[in-house]
Amino acid sequence: MVGEKNEALLKVENISLAFGGVRALEEVSFDVMRGEVRAIIGPNGAGKSSMLNVINGFYHPQKGSITYKNRRRAQMKPHAAAAAGIARTFQNIALFRGMSALDNIMTGRVHKMKRGFLWQALHIGPARREEMENRAFVEGIIDFLEIQAIRRVPVGRLPYGLQKRVELGRALAAEPDLLLLDEPMAGMNLEEKEDMCRFILDVNEQFGTTIALIEHDMGVVMDISDRVVVLDHGKKLADGTPAEVRGDQAVVDAYLGVARG
Amino acid sequence: MFYREAGDFKSTYAEDQALFPIALDRWFVLAAAVMACGVPLVASEYWLSTIFLPVLILSIAAIGLNLLTGYAGQLSLGAGGFMACGAYMAYKFTTAFPELNMVVVFALSGLSAAAVGIVFGIPSLRIKGFYLAVTTLAAQFFLLWLFTKVPWFVNYSISGVPTAPPREMFGVPVTGASASVEARYYLVLALTAILALLAKNLVRGRIGREWMAIRDMDIAAEIIGIRPLKTKLTAFAISSFYCGVAGALWSFCYINIVEPTAFDINRSFAILFMIIIGGLGSILGSFLGAAFITLLPVFLNNAPALFNLQISSTLVSHIEFMVFGALIIFFLIVEPHGLARLWQIAKEKLRLWPFPH
């Protein structure tokens, strides 16, 4: 899908982020094309999650710029990023544990629901219609992710793999243009990983969503991503197609290692 | 067997998201409504004025605090202060505009309390948990101090504790000592029902989900695009509105006097206990908790007489404190989700009982 529209949806340029003396990111630049699956890989502590946090406005970089949908900013704000169509999942599941799977996914649609609290308190007319329309949309996502049976279950009671799926559902509910996935397959068994890969590719194909994902499973990364960027110690090490990255000596030394024997 | 969910098929999302999607629940609510309306026909004046009125009014306050603490996760010890705010502002409004309908007066006093609640809710953006509780404690003490020290709030009355002025609705006196207890009961019942319904609608819609999202995981909520400050302040405003209306009703329909001691720190704690025992994050739990906390002392006071025990009244009041404390600890350990959860468990058991196989 590389260059299908040949237009960068997101471009980060010379991003530097430091926490006190710790430099999490140094002069990192890369872009994400519309419609592609872009992987960010690297060893632990390389700054991958920090990069996602910069993109959706949770961290504010000291230097550099973020160009999203042709608008250049020094930093994003979380609600502005969400309103502009950036959604994400978290490395450690960040679901609302006291709420049901359905309510969690409905919460992903806060941006699409505009009625004020007076309408909502009365729960008539427009507010009611809005609730039903969004419920119908969310049911579409529930069907897509095949979690119909658990919609009323509080997410705290669900097994890990399903929680990851509900979290993906919550991100999809926002109808994002750019979906950031932070280790969507961490801690999963082979079958769950295969399911998740299928969902990610389906999202990319059916909804045309651009995806940027962090993942440690190299098999998965090489299979599903169009292009890969490699970070190490906060710096960009390599950038290119999976085949190019795999052959890069610096990447092999820093991260991939060499198969021996 | 006795509680059936099966066979209740939904064909639209509206039916599925209805207030009471299960037919049996609807019948139950209808029966409760009929009983509530029929209470004055059977209950004595004593029961109406010392049991039903305070339980209903405190239920409103408990719903208010539950919206803030149970749903939005912001611990507050200021409920009494916001109730006082409602009571004093209702007094100011109704003495300034005697012709104003009492429901409008109560709404205005609730709005005043909401405005004050927003101001005291601002620290919640930076402060969480117990520390936030301490800042709301400041609201409690500051507001009571204000109403005691500034005579403008009581229209410079010499005693400092004015009686609630008598007001009529549809030609029937509804406030003050001269109003019949039945009229006051129906007014309070109607307002309680309406406010409970509105609260239920709020918590099952977008705003309720935003509150719960902030409560469960504020960072994720922010990244989804929920604005923490706006959401928390909405919770403070609506919660204070409910507490304000409850305070106004307490002064105007129950104790018939506008005094600060009715809204002291003990009141705040009592309302917090109500939602803890009743169930955090449950509208039904607010009612159960209010009833439990109000009825328990009455029961404990009368229990020795019921069993023909000769116990001195001081001992009874000491026992009351001990039993009360023990019950709160018991609930926190055994059922942290409160009476509302017990009710839910009972319903689940009744699905099969008495034929569990």
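These figures come from a predicted structure and were not determined experimentally.

> Help me get a handle on the overall build of chain A, residues and values and all.
Counting its regular elements, chain A contains 10 helices and 10 strands. Projected onto its principal axes, the C-alpha positions of chain A cover 65 × 45 × 40 Å. Buried residues in chain A amount to 55% of all 261 residues. The contacts of chain A with a sequence gap of at least 6 include a subset with a gap of at least 24, amounting to 66%. Counting only carbon and sulfur atoms, one obtains 49% of the accessible surface of chain A, whose full area is about 11300 Å².

> Describe in detail unusual backbone geometry, supporting the description with residues and values.
Excluding glycine, most residues fall at negative phi; most peptide bonds, likewise, are trans. Here the phi dihedral of A:E175 falls at roughly 50 degrees; this positive angle occurs in a residue that is not glycine. You can see A:E175 is positioned in the loop between α6 (160-173) and β7 (178-182). Non-glycine residue B:N256 carries a positive phi angle of around 60 degrees. Relative to the elements of secondary structure, B:N256 occurs in the loop between α10 (228-254) and α11 (265-278).

> Describe the packing of helix α2 (residues 23-42) of chain B against helix α7 (residues 181-203) of chain B, naming the residues involved and giving the relevant values.
All names here are of chain B. Relative orientation of the contacting elements α2 and α7 amounts to 170 degrees, with a least axis distance of 10 Å. Regarding the angle of α2 to α7, the classification is roughly antiparallel. Taking contact as the criterion, the partners of A36, C37, V39 and P40 in α2 are, on α7, E182, Y185, Y186 and L189.

> Any details on the pairing of strand β10 (residues 235-240) of chain A? Residues and values, ideally.
Residue and element names in this part refer to chain A. One ladder, built from 5 bridges, connects strand β9 (residues 227-232) with β10; its direction is antiparallel. Directly across from V228, in β10, lies its bridge partner G240. In this structure, the hairpin formed by β9 and β10 is closed by a connection of 2 residues, where H233 is found at a positive phi of approximately 50 degrees.

> Please give an account of the domain arrangement of chain A that cites residues and values.
All names here are of chain A. Here chain A is described as being made up of domain 1 (1-85 + 176-261) and domain 2 (95-175). Distance from the C-alpha centre of domain 1 to the C-alpha centre of domain 2: 27 Å. With 22 residues of domain 1 at the interface, the matching set in domain 2 holds 13 residues. A buried area of about 1300 Å², summed over both sides, lies between domain 1 and domain 2, and 71% of it is on carbon and sulfur atoms.

> I'd like to hear about the sheet that holds β7(A), residue by residue, with values.
Residues and elements named next belong to chain A. Pairing in this open sheet of 6 strands is mixed, and the strands run β6-β7-β8-β3-β9-β10 from one edge to the other. Edge strands, defined here as strands with exactly one partner in the open sheet, are β6 (86-88) and β10. Each strand axis lies, on average, 20 degrees off the axis of its neighbour in the sheet, ignoring direction. Relative to the sheet, helix α7 (residues 190-206) contacts β3 (37-41), β7 and β8 (210-214), its axis offset from that of β8 by approximately 155 degrees.

> Summarise the side chain of B:T192; cite the residues concerned and give the values.
Residues and elements named next belong to chain B. Mapped onto the secondary structure, T192 falls in helix α7. Of the residues examined, T192 reaches a relative accessible area of 2% and is grouped as buried. When near neighbours in sequence (up to four residues on either side) are disregarded, T192 contacts L56, I60 and F287.

> Provide a residue-level description of the sheet that holds strand β5 (residues 71-73) of chain A, including the pertinent values.
All names here are of chain A. Reading across from one edge, β2-β1-β4-β5 is the order of the 4 strands in this open sheet, with antiparallel pairing throughout. A strand with exactly one partner marks an edge of an open sheet, and here the two such strands are β2 (22-33) and β5. Each neighbouring strand pair of the sheet contributes to a mean axis angle of 15 degrees, computed without reference to strand direction. Examined bridge by bridge, strand β1 (residues 8-19) and strand β4 (residues 63-68) share 5 bridges and lie antiparallel to one another. Looking across to β4, one finds that S16 is bridged to K63.

> Let's hear about a nonpolar patch on the surface: which residues, and what values?
Residues and elements named next belong to chain B. On the surface, a cluster of nonpolar side chains totalling about 810 Å² of accessible area is made up of F299, L306, F307, L309, I311, L315, I319 and M322. Elements with a contribution of two residues or more to the nonpolar patch: α12 (283-306) and α13 (313-334). At 3 residues, α13 tops the list of elements feeding residues into the nonpolar patch.

> Tell me about the environment of B:D8, and please be specific about residues and values.
Residues and elements named next belong to chain B. Take D8: it is sitting in the segment before α1 (13-16). Judged by its relative accessible area of 24%, D8 falls in the partly exposed class. In this structure, the C-alpha to C-alpha distance between D8 and A213, residues 205 residues apart in sequence, is 30 Å. Setting aside anything within four residues of it in sequence, one finds D8 in contact with P21, I22 and A23.

> So what's going on with the interface of chain A and chain B? Residues and values would help.
Counting from both sides, the interface comprises 37 residues of chain A and, opposite them, 28 residues of chain B. In this assembly, chain A packs against chain B so that about 3000 Å² is buried in total across both faces, 64% of it on carbon and sulfur atoms. Remark: the boundary between chain A and chain B carries 3 salt bridges. When the shortest N-O distance is used, the salt bridge between A:R152 and B:D16 registers 2.5 Å. Of all the secondary-structure elements, those providing two or more residues to the side of chain A that touches chain B are α2 (78-83), α3 (101-107), α4 (117-122) and α5 (125-144) of chain A. Top element by residues in the side of chain A that touches chain B is α5(A). It accounts for 6 residues. Grouping the constituent residues of the side of chain A that touches chain B by class yields 17 nonpolar, 9 polar and 11 charged.

The rules behind the values
- Residues numbered from 1 in each chain as written.
- Chains lettered and ligands numbered in written order.
- Predicted model: local features only at pLDDT ≥ 70, side-chain atom pairs only at ≥ 80, totals over all residues.
- Heavy atoms only, no water.
- Helix = DSSP H or I, 4+ residues; strand = E, 2+ residues; numbered from the N terminus.
- Buried < 20%, exposed > 50% of the residue type's maximum accessible area, 1.4 Å probe, protein only.
- Contact = heavy atoms within 4.5 Å.
- Areas by Shrake-Rupley, 256 points an atom, 1.4 Å probe, with all protein chains shown as cover.
- Axes fitted to C-alpha atoms, helices over the stretch in contact; angles between N-to-C directions.
- Parallel < 35°, antiparallel > 145°, perpendicular 65-115°, else oblique.
- Pairing = 2+ DSSP bridges.
- Domains from an automatic or database assignment.
- Buried area = accessible area lost by both parts, 1.4 Å probe.
- Patch = residues over 30% accessible without salt bridge, like charges linked within 9 Å, V, L, I, M, F, W, Y side chains within 5 Å.
- Salt bridge = Lys/Arg side-chain N within 4 Å of Asp/Glu carboxyl O.
- Nonpolar A, V, L, I, M, F, W, Y, C, P; charged D, E, K, R; others polar.

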